[in-house]
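Chain and residue survey
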Amino acid sequence: GDLLPSLRRIDLSSNQLSSLPGLLSRCPQLYEIRAGVNRIASIDNILPESTVLLGLRVLDLQDNQLTELPPMQECAPNLQTLVLRNNSIAAVPPEWGVWDSLTSL
């Protein structure tokens, strides 16, 4: 059977990935994504605009190739921990200032 609907945690770290096409929209129970040490250049490659993960609490994207960050509150409104160290991000979107659930950046 398809295990994706019941998947709660996924660790794809250190796999030279640049995206996760279509995978996450099929994982409504997902609360933790670890995708550090890859080649991800855009969060849109991980969380496309149409994806909404209400249960997502942890997103680890350290050591990737991110240069900018889109507003993400709508696709992960309950995110608490976002790990972005060792990327090339120049600024955080001002909308993040009102992201009430985010407690660790």
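Look a little higher up for the structure.
Keep in mind the model is a prediction, meaning the values are calculated, not measured.

With respect to unusual backbone geometry
The residue Ser14 is not glycine, and still its phi comes out positive at about 60°. Summarising the element assignment, Ser14 is placed in the loop between β1 (9-11) and β2 (32-34). Residue classification places Ser14 among the exposed positions, given a relative accessible area of 53%. You will see that Asn86, though not glycine, has its phi angle at about 60°, which is positive. Mapped onto the fold, Asn86 is located in the segment after β4 (81-83).

Points about the nonpolar core
Ranked by internal contacts, the top residues of the largest apolar core, which has 28 residues, are Ile33, Leu47, Leu61, Met72 and Leu79. Apart from residues lying up to four places away in sequence, Ile33 is in contact with Ile10, Leu24, Leu53, Leu56, Val58, Leu59 and Asp60.

A look at the side chain of Asp60
Locating Asp60 in the fold gives a position in strand β3 (residues 58-60). Within the structure, the side chain of Asp60 is placed 3.1 Å from the side chain of Arg34, a separation counted as a polar contact. If we ignore the near neighbours within four places in the chain, the residues touching Asp60 are Ile33, Arg34, Ala35, Gly36 and Val83.

Cut-offs used in this document
Residues numbered from 1 in each chain as written. Predicted model: local features only at pLDDT ≥ 70, side-chain atom pairs only at ≥ 80, totals over all residues. Heavy atoms only, no water. Helix = DSSP H or I, 4+ residues; strand = E, 2+ residues; numbered from the N terminus. Buried < 20%, exposed > 50% of the residue type's maximum accessible area, 1.4 Å probe, protein only. Core = buried A, V, L, I, M, F, W, Y, C linked by side-chain atoms within 4.5 Å. Contact = heavy atoms within 4.5 Å. Polar contact = N/O pair within 3.5 Å; in protein donor to acceptor, adjacent residues only side chain to side chain.

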